[in-house]
Amino acid sequence: DYDPEEAASLLARYPDQDIPADRRVNVVGVMLEAFCDLTDFPALAEQPAVQAVYAPLHDLEEQSVSGDLLTNIFAGGTVDSEWGFLTGYTQHEDFRKPTDSYVWYFREQGYHTLFHHPGYSWFYNRQNVNEYLGFEESWFTENYYGALVDPVDAVMRSDEALVDGILDGLREPGPWFSFSVSYQNHGPYEWTYTANETYLDPKTSGLPEESCYVFNNYLHGVNITISAMTLLAQQLEEMEEPVVLVLFGDHKPWGGNSNDAYYGIGASFDTTTLEGFYQYYSTPYLIWANSAAKETLGRDFQGEGGDFSPCFLTPNFSRRFPMAHTLL
């Protein structure tokens, strides 16, 4: 129910443009499984051990453009955020044919397009969907990561292997559009005991046992994740080639049966209020650039980036250097 001629006239105002040759930087996107900043919750922000886990992330955010993504999902449905980032679409169905995406745009601009995921290719049918979205190559458990990390253990510790894979994929001449979906920290998390480090002690924190157990087990993996991503930024900084790094979480983590772990730390999850909406749907993102990219693009890549849907994340980082209208 629209006027085709009027629509064509509006679209004609935005002619396609190429990325200028002197502004072509490598783009590395990493979507982190169930990644959120627990210091956003006041009860956990007061805990020194939780502060220590997130301190390197906060330092990296200070060096970046950062903000919150407002997702459509909670504790699952990973591809909603994933495909929103890659396509700019707010709603997604199963892709069954080549589909317009930012991946295709980069590919048409002469970029190599590579997908990383230390999980199986059949999950969410990524083995086919990735081709429809424009990825030339995808590295999964079957053809790459299985040699680096056991697919069962990958749930608990695979981000270090993922970083090695990302860097390995950048060794060939670019430019590159590299996108990764992590697998580490996938829920659920043990809620009856603490399996590893104790960040929250029920006896001293004043928090319920289930909340402490769930978040202790979650924080164990997040601590490794943040260390791995900090190392990735350090390695990219050492590269002579310009690189822009985009990190973001796909959704909030699982929080126990009926979200009891969240309610135990005072979360309301009342999505009729702005605070409750953010508690339920927000995840962090940051857009970081190495020194070579800052020089190439003439941007400092620091400051507040605003809060928005994952479908606007690619336009947000791409507007920091001249590109075609499809990315603006």
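Residues numbered from 1 in each chain as written. Predicted model: local features only at pLDDT ≥ 70, side-chain atom pairs only at ≥ 80, totals over all residues. Heavy atoms only, no water.

**Considerations on the environment of Phe-140**
For clarity, the cut-off: Strands are runs of DSSP state E lasting at least two residues, helices are runs of H or I lasting at least four, and both sets are numbered from the N terminus onward. Throughout, exposure labels follow a simple rule: accessible area from a 1.4 Å probe, protein chains only, divided by the maximum for the residue type, with under 20% read as buried, over 50% as exposed, and the rest as partly exposed. We call two residues in contact when some of their heavy atoms are within 4.5 Å.
Within the element layout of this structure, Phe-140 appears in the loop between β4 (137–139) and α7 (159–169). On the accessibility criterion, Phe-140 (5% relative accessible area) is buried. Separated by 20 residues in sequence, Phe-140 and Tyr-120 place their C-alpha atoms 5.9 Å apart. Among all residues touching Phe-140, those that are not within four sequence positions of it are Phe-115, His-117, Gly-119, Tyr-120, Ser-121, Arg-126, Gln-127, Asn-130, Tyr-145 and Gly-146.

**So, the packing of aromatic side chains**
Operational definition: For this analysis, a ring pair means two rings from Phe, Tyr or Trp (six-membered ring only for Trp) whose centres lie within 6.5 Å, classed as stacked if their planes differ by under 30 degrees, edge-to-face if by over 60, and tilted for the remaining angles.
Counted under the stated rule, the structure contains 29 aromatic pairs. Ring centres of Tyr-263 and Phe-269 lie 5.8 Å apart, and the angle between their planes is 65 degrees; this geometry places the pair in the edge-to-face category. According to the relative accessible area criterion, Tyr-263 is partly exposed, its value standing at 41%. Since its relative accessible area comes to 9%, Phe-269 is described here as buried. In this structure an aromatic cluster arises from ring pairing among Phe-85, Tyr-105, Phe-106, Tyr-111, Phe-115, Phe-135, Phe-140, Phe-177, Phe-179 and Phe-248.

**Remarks on the pairing of strand β3 (residues 112–116)**
Keep this limit in mind: Each pair of strands is called paired provided DSSP finds at least two bridges between the two strands. Seen with its strands pointing away from the viewer, a crossover is right-handed when the path leading from the first strand over the helix to the second is clockwise.
Burial of β3 is extensive: four of the five residues sit out of reach of the surface. Note that β3 and β4 share three bridges and pair parallel. By the bridge assignment for β4, Phe-115 is matched with Ser-138. The β-α-β motif built from β3, the intervening helix α6 (residues 126–133) and the parallel element β4 has right-handed crossover chirality.

**Some thoughts on the side chain of Thr-78**
Threshold: Any N or O atom pair separated by 3.5 Å or less is treated as a polar contact, with the protein-specific requirement of one donor-capable and one acceptor-capable atom, and with residues adjacent in sequence counted only for side-chain atom pairs.
Its location among the elements puts Thr-78 in helix α4 (residues 78–87). What makes Thr-78 buried here is its relative accessible area of 6%. At 3.3 Å, the side chain of Thr-78 forms a polar contact with the side chain of Glu-33. What Thr-78 contacts, discounting residues up to four positions off in sequence, is Met-31, Glu-33, Ile-73, Tyr-124, Arg-126, Val-181, Asp-250 and His-251.

**Details of the packing of helix α3 (residues 48–62) against helix α9 (residues 209–237)**
Definition in use: Only the stretch in contact is used when a helix axis is fitted, and all axes are lines through C-alpha atoms; the angle between N-to-C directions ranges over 0 to 180 degrees. Working rule for angles: under 35 degrees goes down as roughly parallel, over 145 as roughly antiparallel, 65 to 115 as roughly perpendicular, anything else as oblique. Handedness of a helix crossing follows the sense of rotation of the near helix relative to the far helix, less than a right angle counterclockwise being left-handed and clockwise being right-handed. The classification used treats Ala, Val, Leu, Ile, Met, Phe, Trp, Tyr, Cys and Pro as nonpolar, Asp, Glu, Lys and Arg as charged, and all other residues, Gly among them, as polar.
Remark: α3 packs on α9, axes separated minimally by 10 Å, with the N-to-C direction vectors making an angle of 25 degrees. In terms of their interaxial angle, α3 and α9 are classed as roughly parallel. Viewed along their axes, α3 and α9 form a crossing whose handedness is left-handed. Residue-level inspection shows Val-50, Val-53, Tyr-54, Pro-56, Leu-57 and Leu-60 of α3 in contact with α9, the latter providing Tyr-218, Leu-219, Val-222, Asn-223, Ile-226, Thr-230 and Ala-233. For the contact of α3 with α9, the per-class residue count stands at eleven nonpolar, two polar and no charged.

**Points about the nonpolar core**
Here is the rule we go by: We define the nonpolar core as a collection of buried residues of types Ala, Val, Leu, Ile, Met, Phe, Trp, Tyr and Cys that are connected through side-chain atoms lying within 4.5 Å of one another.
Residues Val-30, Leu-38, Tyr-54, Phe-215, Leu-232, Leu-236 and Leu-245 are the most contacted members of the largest nonpolar core, which totals 54 residues. Ranked by residue count, the leading element in this core is α9, at twelve residues. The contacts of Leu-245, once residues within four sequence positions are left out, are Val-28, Val-30, Leu-232, Ala-233, Leu-236, Leu-286, Ile-287 and Trp-288. Counting 35 residues, the second-largest nonpolar core is a separate cluster that includes Val-103, Tyr-111, Phe-248 and Phe-317.

**Brief notes about the environment of Phe-317**
Its location among the elements puts Phe-317 in helix α13 (residues 313–318). The exposure class of Phe-317 is buried, given its relative accessible area of 0%. Separated by 159 residues in the primary sequence, Phe-317 and Ser-158 place their C-alpha atoms 27 Å from one another.

**Observations regarding the sheet that holds strand β5 (residues 176–181)**
One open sheet holds the eight strands; their spatial order is β4-β3-β5-β1-β6-β7-β2-β8, and the pairing between them is mixed. Every interior strand has two partners, whereas the edge strands, β4 and β8 (303–304), have only one. Bridge count for strand β1 (residues 26–32) against β5 is five bridges, and the pairing is parallel. Bridge pairing in β5 places Val-30 opposite Ser-180. Against the sheet, α9 touches β1, β6 (243–249) and β7 (282–289), its axis set at about 170 degrees to β6.

Fair warning: the whole summary comes from geometry, so function is off the table for now.
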